[in-house]
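Summary of structural features
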Amino acid sequence: MKSDSLVIKQRYDRIAPFFDGLQSIMEGFLYRRWRKKLWAKVEGTHILEVGVGTGKNFDYYPVEAQITAIDFSPAMLKQAEYKKTRKTVSVNLNLMDVQTLCYADNSFDVVIASFVFCSVASPQKGLKELYRVCRPGGQILLLEQVISSNPLIAELMNIINPIARALMGSNININAIKLVKSCGFFFVNIDKDSSHFFKLIEARK
């Protein structure tokens, strides 16, 4: 039997060439401004982006930062490589799973991710890895899909989640805030303008 991580990776490998097109409407109308807001919060120059995907955050990278970015899908990373070359972005891209990061403890000033942990087989394990590789006092910045606080909408999200997972490889009903708070951070803040469906989360180690 295939592991959950392998199944999710294969789904992203399958949709990688079409991923930007599939999300173009939501990206233009909603996600783009939130990505900009997420990256505006960065405090530090040694940055790890997990779940780089096709490179949707490249336009928001701080100019003088030293950035490493990872993804567990070879096909998504290939799209990011194309975009890196086209946009002449300075970033070190690596094939890696957030659940088992190959970096030393306390390696980065900032660890950042956008819409990633809804697609991680064990999100708590991945978040604990972020905690491990972030330096003391450093930032964890997340833009994450969450289950709605509205009970009726939450129930609907639970019903359609198997479809979303089959098509896009992501769970739309995770409780990202609860997961982050369970991982040992001394400070967790939720941006007050976050919606019912996603949250901008800042945590400190």
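All of the points below concern the structure found in this document. Being a predicted model, the structure only gives us computed values, none of them experimental.

**A look at the overall build of the protein chain**
Tallying secondary structure elements over the protein chain gives 7 helices and 7 strands in all. In terms of C-alpha radius of gyration, the protein chain reaches 16 Å, essentially the compact-globule figure of 17 Å for 205 residues. Sorting the 205 residues of the protein chain into buried and exposed places 50% on the buried side. In the protein chain, the share of contacts with a sequence separation of at least 24, taken over all contacts with a separation of at least 6, comes to 70%. With an accessible surface of roughly 10,100 Å², the protein chain has 57% of that area assigned to carbon and sulfur atoms. Of the side chains in the protein chain, 27 bear a positive and 19 a negative charge, and the two mean positions are spaced by 3 Å.

**Details of helix H4 (residues 74-87)**
For H4, spanning 14 residues, the distance from its first C-alpha to its last is 20 Å, which sits close to the expected 20 Å at 1.5 Å a residue. Turning to H4, its buried residues are Met76, Leu77, Ala80 and Lys83. Looking straight down H4, one finds that the buried residues subtend no more than 115 degrees of arc, so they occupy a single side. Among the exposed residues of H4, those oriented more than 90 degrees off its buried face are Thr85 and Arg86. In this structure, the buried residues of H4 make contact with helix H1 (4-15), helix H2 (19-22), strand E2 (66-71) and strand E3 (92-95).

**Notes on the packing of aromatic side chains**
Evaluation of the coordinates by the stated rule reveals 10 aromatic pairs. Seen in terms of ring centroids, Tyr31 and Phe115 are 4.5 Å apart; in terms of plane orientation they differ by 40 degrees. Their pairing is tilted. With Tyr31 in helix H3 (residues 24-40) and Phe115 in the loop between strand E4 (108-114) and helix H5 (123-133), the pair connects residues that are 84 residues apart, well separated along the chain. An aromatic cluster is built from Tyr31, Trp34, Phe115 and Phe198, whose rings are joined through pairwise contacts. Of note, Lys205 hangs over the ring of Tyr131, and the distance from its end group to the ring centre comes to 4.9 Å.

**Topic: the environment of Ser114**
Relative to the helices and strands, Ser114 resides in strand E4. Setting aside residues up to four positions removed in sequence, Ser114 forms contacts with Arg35, Leu38, Asn57 and Leu143. At 2.9 Å, the side chain of Ser114 forms a polar contact with the side chain of Arg35.

**Regarding the layout of surface pockets**
Its boundaries defined by the atoms lining it, the largest pocket holds a volume of some 840 Å³. In terms of lining residues, the largest pocket is bounded by 41 residues, among which Tyr12, Phe19, Gln23, Phe115 and Cys118 are the most central. Across the lining of the largest pocket, the residue classes tally to 24 nonpolar, 12 polar and 5 charged. In this structure, the second largest pocket encloses a volume near 170 Å³. In terms of lining residues, the second largest pocket is bounded by Asp20, Gln23, Ser24, Glu27, Arg32, Gly55, Lys56, Asp59, Tyr60, Lys83 and Lys87. At the level of elements, H3 and H4 are the ones that each hand at least two residues to the lining of the second largest pocket. Broken down by element, the residue count for the lining of the second largest pocket peaks at 3 residues, all from H3.

Parameters and conventions
- Residues numbered from 1 in each chain as written.
- Predicted model: local features only at pLDDT ≥ 70, side-chain atom pairs only at ≥ 80, totals over all residues.
- Heavy atoms only, no water.
- Helix = DSSP H or I, 4+ residues; strand = E, 2+ residues; numbered from the N terminus.
- Rg over C-alpha atoms; globule rule 2.2 N^0.38 Å.
- Buried < 20%, exposed > 50% of the residue type's maximum accessible area, 1.4 Å probe, protein only.
- Contact = heavy atoms within 4.5 Å.
- Areas by Shrake-Rupley, 256 points an atom, 1.4 Å probe, with all protein chains shown as cover.
- Lys, Arg positive; Asp, Glu negative; His and termini not counted.
- Charge placed at Lys NZ, Arg CZ, Asp CG, Glu CD.
- Expected span 1.5 Å × (residues − 1).
- Arc of directions from axis to C-beta.
- Phe/Tyr/Trp six-rings, centres within 6.5 Å; stacked < 30°, edge-to-face > 60°.
- Lys NZ or Arg CZ within 6 Å of the ring centre and 35° of its normal.
- Polar contact = N/O pair within 3.5 Å; in protein donor to acceptor, adjacent residues only side chain to side chain.
- 1 Å grid on protein atoms, 1.4 Å probe; cavity = no way out; pocket = protein on both sides within 12 Å on 5 of 7 lines; lining within 4 Å.
- Points joined across faces, edges and corners; volume = space filled by probe spheres on them.
- Nonpolar A, V, L, I, M, F, W, Y, C, P; charged D, E, K, R; others polar.

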